[in-house]
Amino acid sequence: MLSVSPASDTLEATLREVVETLAVIDRPPCSPGERQAAEWLAARLRAVSGVEVALEDEPSWGIFAPTVTGLGVLGMVAAALTLRGRRVLGALLAASTLAGIVDEAQNGPRLLRRLVRRRRTTVNLIARAGEQDGAGTLVVLAHHDAPQTGILFDQTLQRRIYERAPQVIERFKTSAPQWWLGLAGPLATLVAALRGRRAPARAGLLLGAVGSALVADVWRSPTVPGANDNLSGVAALVALAELLRDRPLPGLRVLLVSCGAEETLQDGVRAFLARHRHELEPGHTWFANLDTIGSPHLVSLEAEGPVWMESYKGPWLRDLLATCAKRIDVDLQRGFRARASTDSVIPSRAGYPIVTLVSMTDWRSLANYHLPSDVPANLDFGTVADATRLVYELARSLASS
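Below or above, wherever it landed, is the structure these notes cover.

Rules used throughout
Residues numbered from 1 in each chain as written. Predicted model: local features only at pLDDT ≥ 70, side-chain atom pairs only at ≥ 80, totals over all residues. Heavy atoms only, no water. Axes fitted to C-alpha atoms, helices over the stretch in contact; angles between N-to-C directions. Helix = DSSP H or I, 4+ residues; strand = E, 2+ residues; numbered from the N terminus. Left-handed = near helix turned anticlockwise from the far one by under 90°. Contact = heavy atoms within 4.5 Å. Nonpolar A, V, L, I, M, F, W, Y, C, P; charged D, E, K, R; others polar. Core = buried A, V, L, I, M, F, W, Y, C linked by side-chain atoms within 4.5 Å. Buried < 20%, exposed > 50% of the residue type's maximum accessible area, 1.4 Å probe, protein only. Pairing = 2+ DSSP bridges. Phe/Tyr/Trp six-rings, centres within 6.5 Å; stacked < 30°, edge-to-face > 60°. Lys NZ or Arg CZ within 6 Å of the ring centre and 35° of its normal. Polar contact = N/O pair within 3.5 Å; in protein donor to acceptor, adjacent residues only side chain to side chain. Patch = residues over 30% accessible without salt bridge, like charges linked within 9 Å, V, L, I, M, F, W, Y side chains within 5 Å. Areas by Shrake-Rupley, 256 points an atom, 1.4 Å probe, with all protein chains shown as cover. Salt bridge = Lys/Arg side-chain N within 4 Å of Asp/Glu carboxyl O.

## Thoughts on the packing of helix 12 (residues 315–327) against helix 14 (residues 381–400)
Part 1: The N-to-C vectors of helix 12 and helix 14 enclose an angle of 115 degrees; their axes lie 9 Å apart at closest approach. The hand of the helix 12/helix 14 crossing is right-handed. Side by side, helix 12 and helix 14 meet where W316, L317, L320, L321, C324, A325 and R327 of the first sit next to L390, E393, L394, R396, S397 and L398 of the second.
Part 2: Here the residues of the contact of helix 12 with helix 14 sort into 9 nonpolar, 1 polar and 3 charged.

As structure tokens, then:
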């Protein structure tokens, strides 16, 4: 890691200012607090000379928990009907439950969400820096809304496994597939309905009850401060704006985009891409997503997929990022894949090369992820600073090429 300098002191001061200011605002998706955070962030970025800022209202359908809880209950009804001998109806309901959960989890067209949920409004922030007529564009993503907590996110078991057998945890570079629990219940019911066996239906009913209870617990739980997830990324956007002001990169346009409604499972970034895709020329546009970069170890994700895995477009860009990390002496771990969804999957599906920076603890979890302990005091600002400098170096490399 580079030695401390006045420049690094200034960088950390900016990061702390942003995180500590916004962490006290209750920021669930589509809430007044989410808008308040976006408006403060817009004012803060407008204070950086050479940066143009816009706030854009976009449609959203709120947090995912109500929809998924309803689907879980529907799966339980399917299991109960199957146990009563109504196998055809049970199979149809179980298949509908499966399709609905996959649509939510894997970022599908969201047909059910749009059909049954009230349309709400989120707000995206777009800050334009660098040369607006540059030959290439780097879009740097973060999100300013915060998640809800719940028993589902407790890290005690994983941490204890690491403490007793660290070699077990260290073998894995893919997070646990939490969404599979929601799929297991209706799958078991389908097996029962197709084969005429009661035991799988009983298992489907039990699994559906457990899964529904866990998601309902998230639904009823409060929003956390979100210092790591994802004020760490938001703070890096502001710091990048200041770095680009102090050390301009000729030939490169940079869009610093803080999305709302990421915790709904990507409503904000979907709207951003739909609105701005016409100005993001394929072949000359690259993305970098900063999501939860305040744990001790900086990590480059290679792929994500709650149900099935999708590799990100542009492996060459991830290689370039790794080269940049070595050049500025930043420790960057590679080869990791996420079983959660991030904003990265939306531009990747659209064909844009993307790098995704996250961070991890020693026990391979995002520090304080979706927990009340996700406060500024528990943030590793050194890792956030490293991620900021690394993205700037990536931008410099893209500009020079």
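The discussion continues.
## Quick notes on the nonpolar core
Part 1: Counting residues in hydrophobic clusters, the biggest one holds 61 residues, and the most contacted among them are V140, L357 and L390.
Part 2: Broken down by element, this core gets its largest block of residues, 12 residues, from helix 10 (residues 227–246).
Part 3: Ignoring anything within four residues of it in the chain, the contact list for V140 reads L237, L240, V254, L255, L256, V257, A288, L290 and V391.

## Considering the pairing of strand 3 (residues 136–143)
Part 1: Strand 3 sits mainly inside the fold: 8 of its 8 residues count as buried.
Part 2: Alternating residues of strand 3 divide into G136, L138, V140 and A142 and T137, V139, L141 and H143, and every residue in both groups is buried.
Part 3: Relative to strand 4 (residues 252–259), strand 3 runs parallel, the two sharing 8 bridges. Note on strand 4: the bridge partner recorded for L138 is V254.
Part 4: Bridge analysis of strand 3 against strand 5 (residues 285–290) gives 5 bridges, and the strand direction is parallel. Counterpart to V139 in the pairing with strand 5 is F287.

## Here's the deal with the packing of aromatic side chains
Part 1: A complete count under the given rule lists 3 aromatic pairs for this structure.
Part 2: The interplanar angle of 85 degrees and the centroid separation of 5.9 Å between the aromatic rings of F153 and Y369 together place this pair among those described as edge-to-face. Residue F153 is located in the loop between strand 3 and helix 6 (156–164), and its partner Y369 is located in the loop between strand 9 (354–360) and helix 14; the two are separated by 216 residues in the primary sequence.
Part 3: Looking at Y369, the relative accessible area reads 22%, which means it is partly exposed.
Part 4: Measuring from ring centre to ring centre gives 5.2 Å for F287 and Y352, while their planes differ by 50 degrees; the resulting arrangement is tilted. Within this pair, whereas F287 is found in strand 5, its partner Y352 is found in the loop between helix 13 (345–349) and strand 9, the two being separated by 65 residues in sequence.
Part 5: Here F287 falls in the buried class, since its relative accessible area comes to 0%.
Part 6: R247 extends its terminal NZ or CZ atom over the ring of Y392, reaching a point 5.0 Å from the ring centre.

## Describing the side chain of R318
Part 1: With respect to the element layout, R318 can be found in helix 12.
Part 2: Polar contacts involving the side chain of R318 include one to the side chain of E302, which spans 2.6 Å.

## So, a nonpolar patch on the surface
Part 1: Nonpolar side chains collect at one region of the surface, where V88, L89 and L92 lie side by side and expose about 290 Å² of accessible area between them.
Part 2: For V88, a relative accessible area of 65% puts it in the exposed group.

## As for the pattern of salt bridges
Part 1: Inspection of every chain in the model, using the stated rule, returns 21 salt bridges.
Part 2: One salt bridge connects R327 with E393, and the closest N-O pair in it is separated by 2.7 Å. Of this pair, R327 sits in helix 12 while E393 sits in helix 14, and the two are 66 residues apart along the sequence.
Part 3: The exposure class assigned to R327 is partly exposed, which follows from its relative accessible area of 43%.
Part 4: Through salt bridges with shared partners, a single network forms among E302, R318, D319 and R334.

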